[in-house]
Amino acid sequence: MTKIVVSRQIPKDYIRQLEQLGEVVMWEESYEPMPRKHFLQELKEATACFITLSERIDQEVFEAAPHLQVIANMAVGYDNIDLDLARQYGVTITNTPDVLTETTAELGLTLLLTVARRVVEAERYVQNGEWQSWGPYLLAGKDLHGSTVGIFGMGAIGKAFARRLQGFNTTVLYHNRSRHDEAEAELNEQYVDFDTLLTESDFVVCTAPLTDATRDQFDATAFSKMKNEAVFINIGRGAIVDEDALVKALKDGEIGGCGLDVLRQEPIDMNHPILELPQAVVLPHIGSASEQTRNDMIQLCVDNIRGVLNEGQAVTEVKA
Ligand code: 8YV
């Protein structure tokens with residue numbers, strides 16, 4: 001018997017497709033992940049499962065799921081999954097690359113411009129009834145045109161972000177674990193070492209995945225090297241940033257502002273000190289959240305499950 005566990009409520013169309021493959025057990029909540037205990041219980045007989053970033057896939061999960069063949073993660077990132085264990089237990093892991101690249105890059109640019117032009121502050125100013133007069137420097141922000149943008153991480157999302165900058169008359173620098181000659185030629189961007197990225201950029205944009213190498217990459221030392229007016233944007237993963245150091249750098253004026261779509265702890269604790277800083281914009285991890293892209297991500301998860309169960313081959317397998 002094939003059993004497929006789906007850890008969130010997803011639209012019926014996709015469930016119907018999964019039902020062609022076997023019995024489907026879906027958690028009926030869209031905004032609450034399946035409780036861990038319940039998830040482990042359901043996995044006992046499961047052949048496949050559909051998860052989101054909320055599920056931590058570790059030894060306990062693999063031990064609970066002796067029949068599991070595939071885990072389809074509804075995200076391009078897979079730092080929630082222990083890949084070494086997956087290999088040991090013979091479970092195929094899949095993710096959702098490509099379908100979310102452009103949407104996530106668009107959110108990155110939205111966030112950058114929002115912080116640069118103080119859009120959230122301006123909107124609150126109007127809503128709070130503070131708009132009583134005009135001044136030459138009222139809510140004056142920073143220009144993107146004519147600036148230097150440093151991109152940390154030149155994967156698909158980094159490239160899509162750089163492509164969007166082409167219309168803005170910016171100098172684009174990037175740092176990545178390896179150089180991309182083709183991207184340099186196509187996007188007119190320049191490879192620099194990490195320190196140069198920090199010291200030269202007016203906007204530093206992190207699009208990198210979380211790995212052992214990138215964890216805590218943006219720490220107190222990194223922020224101290226950035227320009228005092230620089231804006232830091234993170235659409236990668238929260239744990240790439242030391243948030244205490246970031247808050248301190250913002251408070252001390254070591255950097256000028258930040259925009260975060262990802263945090264170390266999600267959802268954020270409402271006592272997090274970053275929420276008190278007007279120069280910081282925090283979003284609830286909506287990088288890939290357009291309706292079309294979320295549909296495409298879910299469909300790719302379904303295709304991956306079908307591929308593994310029917311043909312022994314996923315469409316987008318994560319290969320460590
Ligand atoms: C996810 C993301 O959509 O794909 C990723 O790695 O961070 C987001 O696009 C979201 O967290 C759902 O799992």
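Conventions used here
- Residues numbered from 1 in each chain as written.
- Predicted model: local features only at pLDDT ≥ 70, side-chain atom pairs only at ≥ 80, totals over all residues.
- Heavy atoms only, no water.
- UniProt positions renumbered as here; feature names shortened; annotations may be inferred.
- Near = heavy atom within 4 Å.
- Polar contact = N/O pair within 3.5 Å; in protein donor to acceptor, adjacent residues only side chain to side chain.
- Areas by Shrake-Rupley, 256 points an atom, 1.4 Å probe, with all protein chains shown as cover.
- Axes fitted to C-alpha atoms, helices over the stretch in contact; angles between N-to-C directions.
- Helix = DSSP H or I, 4+ residues; strand = E, 2+ residues; numbered from the N terminus.
- Parallel < 35°, antiparallel > 145°, perpendicular 65-115°, else oblique.
- Left-handed = near helix turned anticlockwise from the far one by under 90°.
- Contact = heavy atoms within 4.5 Å.
- Nonpolar A, V, L, I, M, F, W, Y, C, P; charged D, E, K, R; others polar.
- Salt bridge = Lys/Arg side-chain N within 4 Å of Asp/Glu carboxyl O.
- Buried < 20%, exposed > 50% of the residue type's maximum accessible area, 1.4 Å probe, protein only.
- Pairing = 2+ DSSP bridges.

- Looking at an unreviewed UniProt entry, one finds the protein chain named D-lactate dehydrogenase and attributed to Staphylococcus argensis.
- What UniProt records for the protein chain under Catalytic activity (unreviewed entry) is the sentence "(R)-lactate + NAD(+) = pyruvate + NADH + H(+)".
- For the protein chain, the Sequence similarities (unreviewed entry) comment in UniProt is given as "Belongs to the D-isomer specific 2-hydroxyacid dehydrogenase family."

Structural notes on the site of the ligand
- Around the ligand, the structure places L53, M74, A75, V76, G77, L100, R237, H285, S288, R294 and M297.
- Within the backbone of G77, a nitrogen or oxygen atom sits 2.8 Å from an oxygen atom of the ligand.
- Here H285 contributes a side-chain N or O atom positioned 2.6 Å from an oxygen atom of the ligand.
- When the ligand sits alone it has 330 Å² of accessible area, and the protein chains cover 88% of it.

Focus on the packing of helix 5 (residues 101–116) against helix 7 (residues 156–165)
- In contact at an axis separation of 8 Å, helix 5 and helix 7 are set at 55° when each is read in the N-to-C sense. Put simply, helix 5 runs oblique to helix 7. When you trace helix 5 past helix 7, the crossing you get is right-handed. In contact with T101, E102, T104, A105, E106, G108, L109 and L112 of helix 5, helix 7 contributes A156, I157, A160, F161, R163, R164 and L165.
- Here the contact of helix 5 with helix 7 is composed, by residue class, of eight nonpolar, three polar and four charged.

Here we look at the pattern of salt bridges
- In total, this model carries 18 salt bridges according to the counting rule given.
- Salt-bridge contacts for R16 lead to D13; the nearest nitrogen and oxygen are separated by 3.1 Å. Taken together, the residues R16 and D13, both in helix 1 (residues 12–19) and three residues apart, mark about one turn of the helix.
- For R16, a relative accessible area of 47% translates into the label partly exposed.
- On the basis of relative accessible area, D13 is assigned to the partly exposed category, the value being 48%.

With respect to the UniProt feature "domain: D-isomer specific 2-hydroxyacid dehydrogenase catalytic" (unreviewed entry) in the protein chain
- If you check UniProt for "domain: D-isomer specific 2-hydroxyacid dehydrogenase catalytic" (unreviewed entry), the listed places come out as residues 5–318 in our numbering.
- Secondary structure over residues 5–318 splits into 36% helix and 14% strand, and the C-alpha atoms at its two ends are 20 Å apart.

So, unusual backbone geometry
- The omega torsion across E266 and P267 is -5°, close enough to zero to call that bond cis.
- Looking at the element boundaries, P267 is found in the loop between strand 11 (257–260) and strand 12 (280–282).
- Positive phi, normally seen in glycine, also occurs at R118, with a value near 55°.
- Looking at the secondary structure, you find R118 in the loop between helix 5 and helix 6 (119–127).
- Judged by its relative accessible area of 27%, R118 falls in the partly exposed class.
- The residue L139 is not glycine, and still its phi comes out positive at about 50°.
- When you line up the elements, L139 lands in the loop between helix 6 and strand 6 (148–152).

Looking at the sheet that holds strand 9 (residues 203–206)
- Spatial ordering of the open sheet is given by 8-7-6-9-10-11-12, a layout of seven strands whose pairing is parallel. Unpaired on one side and paired on the other, strand 8 (189–191) and strand 12 mark the two borders of the sheet. Averaged over neighbouring strand pairs, the angle between their axes works out to 15° when direction is ignored.
- Sitting on the sheet, helix 11 (residues 243–251) touches strand 10 (231–234), strand 11 and strand 12, and the angle it makes with strand 11 is about 145°.

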